[in-house]
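The residues making up each chain are set out below.
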Amino acid sequence: MSQSDRTAAAAVVSHHEQLAAALTRQVAELVEAADVGSLRRTWTVRDALVGWVHTELLPHAYAEEEALYPAAARRPEAKLLVDGMLEEHRAIAELVTELETTPSPVAAAAAGRALRAVFESHLAKENELIVPVLVDADDVDLAALLAGMHELLGEEDGKPAASGCGCGGCGCGGDSSGAAEAPAPALSIDARIDVRQLPHAQRHAQVLAAVDAVPADGALVLVAPHAPLPLLSEIDRRYSGQFATEWLQDGPDVWQVRLHRAGLSALSGAETRG
């Protein structure tokens, strides 16, 4: 076990504590607003919580799926545990959807409390089981595995981690080694959204708004400075497989992904089967 691995493990655990504290505070505010019957305050707090979940909590979960979980799953003693952690990620995503869509203040508060309970239990398993397995593994360099991953390591001294994506928690995930000024040729006639041109704090929300506005049988090209795998995973979960992805440009400086929404007949068929 190297000192760099110990330092990386401590950073992960510290970031978990920050996430848990932020979630606990916001859920308490939501429950309080619902208890006093203030609809305006309830929805204001709910919307702020949902925004934080999409820019901090979910990107953290997706980064775990990209970095921590594959390495842990290769250990025989951790394979079943990782399978369970992935199921908990799906449960967390479902609770977020419920929190985001319910028209009932009471149900929103209940979803928030359930989300906090599941997430706290989830973090405890990561801190006490997943991270120690990786730290003790001779064939895993935890420090290298987490290098530059703001979503997993959080912020240091109020600033994003020095290397890596540098997106400030935009939620797209991955490494942004490509320059923001790198040319992105038009590879299709579809509408495009270039996240490199958006303010960091607005990227996640604007991308999801653009995706939501894509009509049936329409398409949108997402231009990013890195492979936006966690964001694509969220879109797939959020829209239940309505979008097919086509990689038009796969680095090294720019990534372009075409998101094509199924036609009305396909969408109707999916709703009927559901």
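So, here is what we can say about the structure in this document. This one's a predicted model, so the numbers in the text were calculated from it and none came from an experiment.

### Considering the environment of Ala244
Reasoning step 1: Structurally, Ala244 is set in strand S5 (residues 243–250).
Reasoning step 2: Residue Ala244 is classed as partly exposed on the basis of its relative accessible area, which comes to 45%.
Reasoning step 3: The spacing of Ala244 and Leu259 is 15 residues in sequence and 5.7 Å in space, taken between C-alpha atoms.
Reasoning step 4: Ignoring any residue separated from it by four or fewer positions in sequence, one finds Ala244 in contact with Arg258, Leu259 and His260.

### Considerations on the pattern of salt bridges
Reasoning step 1: A full pass over the atoms with the stated rule returns ten salt bridges.
Reasoning step 2: In this structure, Glu87 engages Arg90 in a salt bridge whose closest nitrogen and oxygen atoms are separated by 2.6 Å. Residue Glu87 and its partner Arg90 are located together in helix H4 (residues 79–101), separated by three residues, close to a single helical turn.
Reasoning step 3: Since its relative accessible area comes to 46%, Glu87 is described here as partly exposed.
Reasoning step 4: Take Arg90: its relative accessible area is 37%, and that puts it in the partly exposed class.
Reasoning step 5: The closest approach of N and O atoms between Arg258 and Asp190, which form a salt bridge, is 2.6 Å. Separated by 68 residues along the polypeptide, Arg258 in strand S6 (residues 255–261) and Asp190 in the loop between strand S2 (159–160) and strand S3 (191–194) bring together distant segments of the chain.
Reasoning step 6: Salt bridges linked by common partners bring Arg75, Glu77 and Asp139 together as one network.

### Comments concerning the packing of H4 against helix H5 (residues 105–136)
Reasoning step 1: Between H4 and H5, the shortest axis-to-axis distance is 9 Å and the interhelical angle comes to 160°. When the axis of H4 is compared with that of H5, the two are roughly antiparallel. Note on packing geometry: the crossing formed by H4 with H5 is left-handed.

About the cut-offs
Residues numbered from 1 in each chain as written. Predicted model: local features only at pLDDT ≥ 70, side-chain atom pairs only at ≥ 80, totals over all residues. Heavy atoms only, no water. Helix = DSSP H or I, 4+ residues; strand = E, 2+ residues; numbered from the N terminus. Buried < 20%, exposed > 50% of the residue type's maximum accessible area, 1.4 Å probe, protein only. Contact = heavy atoms within 4.5 Å. Salt bridge = Lys/Arg side-chain N within 4 Å of Asp/Glu carboxyl O. Axes fitted to C-alpha atoms, helices over the stretch in contact; angles between N-to-C directions. Parallel < 35°, antiparallel > 145°, perpendicular 65-115°, else oblique. Left-handed = near helix turned anticlockwise from the far one by under 90°.

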